[in-house]
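What follows is each chain in one-letter form.
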Amino acid sequence: MAADQPVVLVVEDEDAQREVLSYNLEAEGFRVAKAINGDEALLVVDEEHPDIIVLDWMLPKTSGIEVCRQLKTRPETRNVPVIMLSARSEEVDRVRGLETGADDYVVKPYSVVELMARVRAQLRRTRPAAAGMRLEYEDIILDSETHRVTRDGASLKLGPTEFRLLSTFMEKPGRVWSREQLLDRVWGRDIYVDTRTVDVHIGRLRKALCQHGGGDPLRTVRGAGYALG
Ligand code: CA
């Protein structure tokens, strides 16, 4: 599986529901992280940096509402989409009224097909490259479905690692990525790779981006990492 596949955190205390959901998400190509209660969810968020969270409202100890509220007040997790699951539509109305900051709400029993569509919809917003979309930055166009990259209309030759690096940058132009964050996103956390490897591939990406001319769009931020633009 590609290291840059989106990570979905499923927070659900009912084993059967958690497993069905995880199974379906994995079948859709996501990497699934799991938590069985609110406290565990908050720990797993820090460890796994999920791209999206499917959060049950009724959880033992810390409720889904409280978890959502905490996530939405922390700068580092504020932009991670949260889809809240709730047993009844009246509960959804109540959750909405509580202004938890959840991005979407789904009533149980839900259709798995519908929930998957909602997960994809949230990801199109936050992880467009992973959702198979076309990204543009100035004269660079990256099509994440066909894996083609062009610059000023000319096709660019990129290795798979350079392609994933560029996808990561193009999803958030201007954002400064540390070497560790790039390792995590592009290589995956399970593989041991030296941070100097990042520099090597950044060098290759720079060369590839300028293979038909044009300026270097990547920026080295001293002591911090790299950014596009
Ligand atoms: Ca529950």
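As annotated in an unreviewed UniProt entry, the protein is Phosphate regulon transcriptional regulatory protein PhoB from Roseivivax marinus. If you open the UniProt record of the protein and go to Subcellular location (unreviewed entry), you find "Cytoplasm". Entered under Function (unreviewed entry) in the UniProt record, the comment concerning the protein runs "This protein is a positive regulator for the phosphate regulon. Transcription of this operon is positively regulated by PhoB and PhoR when phosphate is limited."

(A) Spotlight on the sheet that holds strand β7 (residues 140-143). Across the sheet, which stays open at both edges, the 4 strands sit in the order β6-β7-β8-β9 with antiparallel pairing between neighbours. Of all strands in the sheet, those bounded by a partner on one side alone are β6 (134-137) and β9 (154-155). When β7 meets strand β8 (residues 148-151), the two strands line up antiparallel, connected through 4 bridges. Across the sheet, D143 pairs through a bridge with R148, a residue of β8. Across the face of the sheet, helix α6 (residues 160-171) comes into contact with β6, β7 and β8 while running at roughly 110° to β7.

(B) Here's a closer look at the coordination of the calcium ion. For the calcium ion, the full set of protein donor atoms is D13 (OD), E14 (OE), D56 (OD) and M58 (O), at a range of 2.1 to 2.7 Å. Sequence spacing among the residues donating to the calcium ion works out to D-E-x41-D-x1-M. You can see D13 sitting in the loop between β1 (7-11) and α1 (15-27) and its partner D56 sitting in strand β3 (residues 52-56), a full 43 residues away along the chain. Residue D13 is classed as partly exposed on the basis of its relative accessible area of 28%. Here D56 falls in the buried class, since its relative accessible area comes to 2%.

(C) Highlighting the domain arrangement of the protein. What the domain assignment lists for the protein is domain 1 (7-126) and domain 2 (134-228). Computed over C-alpha atoms only, the centres of domain 1 and domain 2 are separated by 30 Å. Contact with domain 1, which involves 6 residues of that partner, is made by 4 residues of domain 2. Approximately 310 Å² of surface area, both sides summed, lies buried where domain 1 meets domain 2, with 24% of it carried by carbon and sulfur atoms. The interface formed by domain 1 and domain 2 contains 1 salt bridge. Between D51 and R185 there is a salt bridge, with the nearest N and O atoms lying 3.6 Å from each other. A breakdown of the residues in the side of domain 1 that touches domain 2 according to their chemical character gives no nonpolar, 2 polar and 4 charged.

(D) Summary view of the nonpolar core. With 25 residues, the main nonpolar core has L165, L166, F169, M170, L182 and I202 as its most contacted residues. Only β6, β7, α6, α7 (179-187), α8 (195-209) and β11 (225-228) provide two or more residues apiece to this core. With 5 residues, α6 is the largest single contributor of residues to this core. Among all residues touching L182, those that are not within four sequence positions of it are L165, T168, F169, W177, W187, V198, I202 and Y226.

(E) Molecular detail of the sheet that holds strand β2 (residues 31-35). A sheet is described by the order of its strands in space; here 5 strands give the open sequence β2-β1-β3-β4-β5, paired in parallel fashion. For this open sheet the edge positions go to β2 and β5 (104-107), each flanked by a neighbour on one side alone. Taking each pair of neighbouring strands and ignoring which way they run, the sheet shows an average axis angle of 20°. Bridge analysis of β1 against β2 gives 5 bridges, and the strand direction is parallel. When the bridges of β2 are listed, V11 appears paired with A35. Docked against the sheet, α1 engages β1, β2, β3 and β4 (82-86), running at close to 165° with respect to β2. Together, β1, β2 and β3 form the strand contacts of helix α2 (residues 38-48), whose direction differs from that of β2 by roughly 150°.

(F) Molecular detail of the packing of α1 against helix α5 (residues 112-126). Packing of α1 against α5 leaves a shortest axis separation of 11 Å and a crossing angle of 55°. Comparing their axes, α5 and α1 come out oblique. In this structure, α1 meets α5 at a crossing whose hand is right-handed. Taking contact as the criterion, the partners of V20, L21, N24 and L25 in α1 are, on α5, V112, L115, M116 and V119. Looking at the contact of α1 with α5 residue by residue, the classes come out as 7 nonpolar, 1 polar and no charged.

What counts, and where the lines are drawn
- Residues numbered from 1 in each chain as written.
- Predicted model: local features only at pLDDT ≥ 70, side-chain atom pairs only at ≥ 80, totals over all residues.
- Heavy atoms only, no water.
- UniProt positions renumbered as here; feature names shortened; annotations may be inferred.
- Pairing = 2+ DSSP bridges.
- Helix = DSSP H or I, 4+ residues; strand = E, 2+ residues; numbered from the N terminus.
- Contact = heavy atoms within 4.5 Å.
- Axes fitted to C-alpha atoms, helices over the stretch in contact; angles between N-to-C directions.
- Donors = N, O, S within 2.8 Å, 3.2 Å for Na, K, Ca; no water.
- Buried < 20%, exposed > 50% of the residue type's maximum accessible area, 1.4 Å probe, protein only.
- Domains from an automatic or database assignment.
- Buried area = accessible area lost by both parts, 1.4 Å probe.
- Salt bridge = Lys/Arg side-chain N within 4 Å of Asp/Glu carboxyl O.
- Nonpolar A, V, L, I, M, F, W, Y, C, P; charged D, E, K, R; others polar.
- Core = buried A, V, L, I, M, F, W, Y, C linked by side-chain atoms within 4.5 Å.
- Parallel < 35°, antiparallel > 145°, perpendicular 65-115°, else oblique.
- Left-handed = near helix turned anticlockwise from the far one by under 90°.

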